[in-house]
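# Close look at the chain arrangement
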Amino acid sequence: MRLRPANLAELQAALAQAHARSEKIVSVDLSAFNRVLEHTPEDMTATVEAGLTLAELQAVLAHRGQWLPVDPPQPERLTMGELLSSNAQGPRRLGYGGIRDYLIGIRVVLADGRAIKAGGKVVKNVAGYDLGKLFVGSGGSLGVIVEATFKLRPRPETEQFVEVSVDSLDHAGALLEQIAASALSPIVLDLHNVPAPNSALETGLTVVLGFAGAREDVEFQLAKARELGAVQTSSLDYDKAFWIREATEAVRRMSVLPSEVTRTLSALGSVCFVARAGHGTIYYRGGPESPKADLPTRLLRRVKEAYDPKNILPDLPV
């Protein structure tokens, strides 16, 4: 069954009927749920419907000098519900954290049609269990997220990127160790080999650093980065190119310790990759399958059975 409800009541009724018939839900289109319900700049919070895209939300917040500091790929297509369900992340996660860090309230319709709320609309809300975090990364397997409230941040005064070309993974590893031991506090620290846009040529290895905040602080960070050889101005175009690149291979993901990034990349062989060297997440195309994560599957199944005992929603993303 594919659902495309026009409002909350219609979604609840459709799920209740599917639950009663034990009918599997293939997809839920929440394009009608596309509003910013509330933006309180003074409190730096916003409540939005799940069908709104991240790009649309950022455009609204930008009018008041604020933003939700997450930057997953293709924000013009990614809805807020998809962002939460997939726990999607981008290069700035090193400096700002992920979407789970900014979620303070959530409304979800469960498999049987009941609507529940967790959290609230203010940052200092500590009553009860933080059930909202349970739905982040759940892949829609526990319920349909219809509304969420986020805490926001001011947009930084300035943001600058620089890069260093390296001739080997050993060279990259040595540079990353230097950066980790330095006084630098980058919001982005990536290692990649993505070709330049509109180029058929393979590129070499590049370490990218990003800094954001007050102008004086960023200038100080850039001066320190130049001492390590990062003198070339850069951008995040490589990340956009990686995610929209025409390729038959699916993007695979692997998480390792930051100290193991270059060794892991060496073992992967000749693949196109973007590695979040600051926290150890590697995205790549081609090469071997990524290893299965060691997850508490029995616990996950118990949670799934509690929220969706008839298994009408998507399966757990494991």
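Right above here is the structure, for reference.
Only a predicted model underlies this, so the values are computations on that prediction, with no experimental measurement involved.

So, on to the overall build of the protein chain. Helix and strand counts for the protein chain stand at 10 helices and 16 strands. For the protein chain, the C-alpha radius of gyration of 21 Å lies close to 20 Å, the compact-globule estimate for 318 residues. Summarising its shape, the C-alpha atoms of the protein chain cover approximately 65 × 45 × 35 Å along the three principal directions. Looking at the protein chain as a whole, 45% of its 318 residues are labelled buried. Contacts spanning at least 24 positions in sequence make up 69% of the contacts within the protein chain whose residues lie at least 6 apart. If the 35 positive side-chain charges of the protein chain are averaged to one point and the 37 negative ones to another, these points end up 7 Å apart.

Below, the discussion takes up the packing of aromatic side chains. Inspection of the entire model under this criterion finds 4 aromatic pairs. Ring geometry for Phe242 and Trp243: centres 5.4 Å apart, planes at 90 degrees, overall edge-to-face. Residue classification places Phe242 among the buried positions, given a relative accessible area of 0%. Plain terms: the ring middles of Trp243 and Tyr283 are 5.2 Å apart, the flat faces sit at 70 degrees to each other, and that makes the pair edge-to-face. Separated by 40 residues along the polypeptide, Trp243 in helix α8 (residues 237-244) and Tyr283 in strand β16 (residues 281-285) bring together distant segments of the chain. Look at Tyr283 and you get buried, because its relative accessible area is 7%. One aromatic cluster in this structure is built from Phe242, Trp243 and Tyr283. Arg285 extends its terminal NZ or CZ atom over the ring of Phe242, reaching a point 5.1 Å from the ring centre.

Among all positions in helix α2 (residues 54-62), only Leu54, Leu57, Gln58 and Leu61 are buried. Around the axis of α2, the buried residues are gathered within 100 degrees of arc, so they sit on the same side. Considering only its buried residues, α2 is in contact with β3 (36-40), β4 (45-49), β5 (66-67) and α3 (80-86).

This brings us to the pattern of salt bridges. Enumeration according to the criterion identifies 13 salt bridges in this entry. Here Arg92 and Glu159 are joined by a salt bridge, their closest N and O atoms 2.9 Å apart. With Arg92 in the loop between α3 and α4 (93-96) and Glu159 in strand β10 (residues 158-166), the pair connects residues that are 67 residues apart, well separated along the chain. Residue Glu159 is classed as partly exposed on the basis of its relative accessible area, which comes to 26%. A salt bridge links Arg107 to Glu147; the shortest N-O distance between them is 3.4 Å.

The subject of this paragraph is the environment of Arg107. Topologically, Arg107 is positioned in strand β6 (residues 103-109). Judged by relative accessible area, which is 22%, Arg107 ranks as partly exposed. For Arg107 and Ile312, which are 205 residues apart along the polypeptide, the C-alpha to C-alpha distance reads 19 Å. Not counting residues up to four positions away in its chain, the partners in contact with Arg107 are Leu8, Ile116, Lys117, Val144, Ile145, Val146 and Glu147.

In this structure, Leu68, Met80 and Phe150 are the most contacted members of the largest nonpolar core, which totals 58 residues. Take this core: its biggest share by element is 5 residues, from strand β8 (residues 144-151). Among all residues touching Met80, those that are not within four sequence positions of it are Val48, Glu49, Ala50, Leu52, Thr53, Leu54, Leu57, Leu68 and Phe150. Within the second largest apolar cluster, 29 residues are counted, among which are Ile179, Leu265, Leu268 and Ala277.

Turning our eyes to something else, we now look at helix α7 (residues 215-227). Each turn of an α-helix holds 3.6 residues, which means side chains three or four residues apart point in the same direction. The first and last C-alpha atoms of α7 sit 19 Å apart over 13 residues, in line with the 18 Å expected at 1.5 Å per residue. If you check which residues of α7 are buried, you get Val218, Gln221, Leu222 and Ala225. Angular distribution of buried residues about the axis of α7 spans 100 degrees; they occupy a single face of the element. α7 presents Glu216 and Glu227 as exposed residues on the side facing more than 90 degrees away from its buried surface. Buried residues along α7 sit against β10 and β12 (205-213). At the C-terminal side of α7, Gly229 shows a positive phi close to 95 degrees.

About the thresholds
- Residues numbered from 1 in each chain as written.
- Predicted model: local features only at pLDDT ≥ 70, side-chain atom pairs only at ≥ 80, totals over all residues.
- Heavy atoms only, no water.
- Helix = DSSP H or I, 4+ residues; strand = E, 2+ residues; numbered from the N terminus.
- Rg over C-alpha atoms; globule rule 2.2 N^0.38 Å.
- Buried < 20%, exposed > 50% of the residue type's maximum accessible area, 1.4 Å probe, protein only.
- Contact = heavy atoms within 4.5 Å.
- Lys, Arg positive; Asp, Glu negative; His and termini not counted.
- Charge placed at Lys NZ, Arg CZ, Asp CG, Glu CD.
- Phe/Tyr/Trp six-rings, centres within 6.5 Å; stacked < 30°, edge-to-face > 60°.
- Lys NZ or Arg CZ within 6 Å of the ring centre and 35° of its normal.
- Arc of directions from axis to C-beta.
- Salt bridge = Lys/Arg side-chain N within 4 Å of Asp/Glu carboxyl O.
- Core = buried A, V, L, I, M, F, W, Y, C linked by side-chain atoms within 4.5 Å.
- Expected span 1.5 Å × (residues − 1).

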